[in-house]
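# Commentary on secondary and tertiary structure
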Amino acid sequence: MASDALYGAEKVAVPDCLVFILMERLKMDKLTVALQRFAQDEEGVTAIEYGLIAALIAVVIITAITAVGKNLDNIFTKIAANLAAA
């Protein structure tokens, strides 16, 4: 081949296990680069923050409605008891 002559490389038999190790290393390098890019990407951070804020607001609303609902139930029970007694 021309590239072999250009670099003066000789063809050497490479064991399959070494090829496997090199391929796995390449996959890990790609994964590492992808994770680094993901960690540095800040586009989705704002959307996640808004989602967390919305979830927190929903929890507060549900808690408040539950508390008010229990109080209303007690009030209507008293009213019903008073009407029944009258």
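Residues numbered from 1 in each chain as written. Predicted model: local features only at pLDDT ≥ 70, side-chain atom pairs only at ≥ 80, totals over all residues. Heavy atoms only, no water.

### Observations regarding the overall build of the chain
A tally of helices and strands in the chain yields three helices and zero strands. In the chain, which comprises 86 residues, the share counted as buried stands at 1%. If you sum the accessible surface of the chain, you get close to 8,100 Å²; carbon and sulfur atoms cover 69% of it. (Helix = DSSP H or I, 4+ residues; strand = E, 2+ residues; numbered from the N terminus. Buried < 20%, exposed > 50% of the residue type's maximum accessible area, 1.4 Å probe, protein only. Areas by Shrake-Rupley, 256 points an atom, 1.4 Å probe, with all protein chains shown as cover.)

### Describing a nonpolar patch on the surface
Residues Val 68, Leu 72, Ile 75, Phe 76, Ile 79 and Leu 83 make up a contiguous nonpolar surface patch of roughly 590 Å² in combined accessible area. Within the secondary structure layout, Ile 79 lies in helix H3 (residues 43–85). (Patch = residues over 30% accessible without salt bridge, like charges linked within 9 Å, V, L, I, M, F, W, Y side chains within 5 Å. Salt bridge = Lys/Arg side-chain N within 4 Å of Asp/Glu carboxyl O.)

### Some remarks on helix H2 (residues 16–40)
A rise of 1.5 Å per residue sets the reference length of H2, with its 25 residues, at 36 Å; its end C-alpha atoms lie 36 Å apart and thus fit the reference within 8%. The element H2 is barely covered by neighbouring structure, given that only zero of its 25 residues are classed as buried. (Expected span 1.5 Å × (residues − 1).)

### A word on the pattern of salt bridges
Using the criterion set out here, one finds two salt bridges in the structure. A salt bridge links Glu 24 to Lys 27; the nearest nitrogen and oxygen atoms lie 3.4 Å apart. Placement of both Glu 24 and Lys 27 in helix H2 is noted, with a separation of three residues, approximately one turn of the helix. Since its relative accessible area comes to 30%, Glu 24 is described here as partly exposed. In this structure, the salt-bridge partner of Arg 25 is Asp 29, at a minimum N-O distance of 3.3 Å. Taken together, the positions of Arg 25 and Asp 29, both in helix H2 and four residues apart, correspond to about one turn of that helix. Relative accessible area serves as the criterion here: at 33%, Asp 29 is assigned to the partly exposed category.

### A look at the confidence of the model for the chain
Any residue range with low pLDDT should be treated as having predicted coordinates unsuitable for detailed reading. Looking at the chain as a whole, its pLDDT mean stands at 82, while 86% of the residues score no less than 70. Taken element by element, the chain is modelled with least confidence in helix H1 (residues 2–7), mean pLDDT 50, and with most confidence in H3, mean pLDDT 90. (pLDDT = per-residue confidence, 0-100.)

### Quick look at the environment of Thr 66
With respect to the helices, strands and loops of the structure, Thr 66 is situated in helix H3. Polar side-chain contacts of Thr 66 include one of 2.7 Å to the backbone oxygen of Ile 62. (Polar contact = N/O pair within 3.5 Å; in protein donor to acceptor, adjacent residues only side chain to side chain.)

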